[in-house]
Amino acid sequence: MKFDGSPAEFIQFSYPDEPNWSEVPDDVLVELVKTYFQEPSCAGLALGQLRARRNTKTINLAEWLLRQDDADQWLKASAADVLDCDRRS
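Residues numbered from 1 in each chain as written. Predicted model: local features only at pLDDT ≥ 70, side-chain atom pairs only at ≥ 80, totals over all residues. Heavy atoms only, no water.

Take the nonpolar core next. Among the nonpolar cores identified, the biggest contains 25 residues, and Ile 11, Trp 21, Leu 32, Leu 47 and Leu 65 are the most heavily contacted of them. Looking at this core, the elements with two or more residues in it are helix H1 (7-14), helix H2 (26-35), helix H3 (40-52), helix H4 (58-67) and helix H5 (73-88). (Core = buried A, V, L, I, M, F, W, Y, C linked by side-chain atoms within 4.5 Å. Buried < 20%, exposed > 50% of the residue type's maximum accessible area, 1.4 Å probe, protein only. Helix = DSSP H or I, 4+ residues; strand = E, 2+ residues; numbered from the N terminus.)

Summed over the entire model, instances satisfying the criterion amount to two salt bridges. Linking Asp 26 and Arg 53 is a salt bridge whose minimum nitrogen-to-oxygen distance equals 2.3 Å. Of the two residues, Asp 26 is situated in helix H2 and Arg 53 in the loop between H3 and H4; the sequence distance between them amounts to 27 residues. When its relative accessible area of 28% is taken as the criterion, Asp 26 is described as partly exposed. Notably, a salt bridge pairs Arg 51 with Asp 81, separated by 3.0 Å at the nearest N-O pair. Of this pair, Arg 51 sits in helix H3 while Asp 81 sits in helix H5; the two residues are 30 residues apart in sequence, bridging distant segments of the chain. (Salt bridge = Lys/Arg side-chain N within 4 Å of Asp/Glu carboxyl O.)

With their axes 10 Å apart at the nearest point, H2 and H4 run at an angle of 10 degrees to one another. Taken as axis vectors, H2 and H4 run roughly parallel relative to one another. Within the contact between the two elements, H2 uses Val 30, Val 33 and Lys 34 and H4 uses Leu 61, Trp 64 and Leu 65. Residue composition of the contact of H2 with H4, grouped by class: five nonpolar, no polar and one charged. (Axes fitted to C-alpha atoms, helices over the stretch in contact; angles between N-to-C directions. Parallel < 35°, antiparallel > 145°, perpendicular 65-115°, else oblique. Contact = heavy atoms within 4.5 Å. Nonpolar A, V, L, I, M, F, W, Y, C, P; charged D, E, K, R; others polar.)

This is how it looks when you write it as structure tokens:
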């Protein structure tokens, strides 16, 4: 079966099967967070991976997530944690 979507769509579609997160490009991780912010699974893992990589977009994504009224509550908690850790470092 051929999948015609983006790599982020494929990851989301395939969940709970997960990719090797360390091999997923940063731009795909950002797309997962921005596109699937209403679902905590892949978006949360993507945000965590960006944080671990110290990607410069992580803080902006976390702030953006907190402004989204319809973002998942657990994903918002992860975003708040990202910002809290950034303030402490």
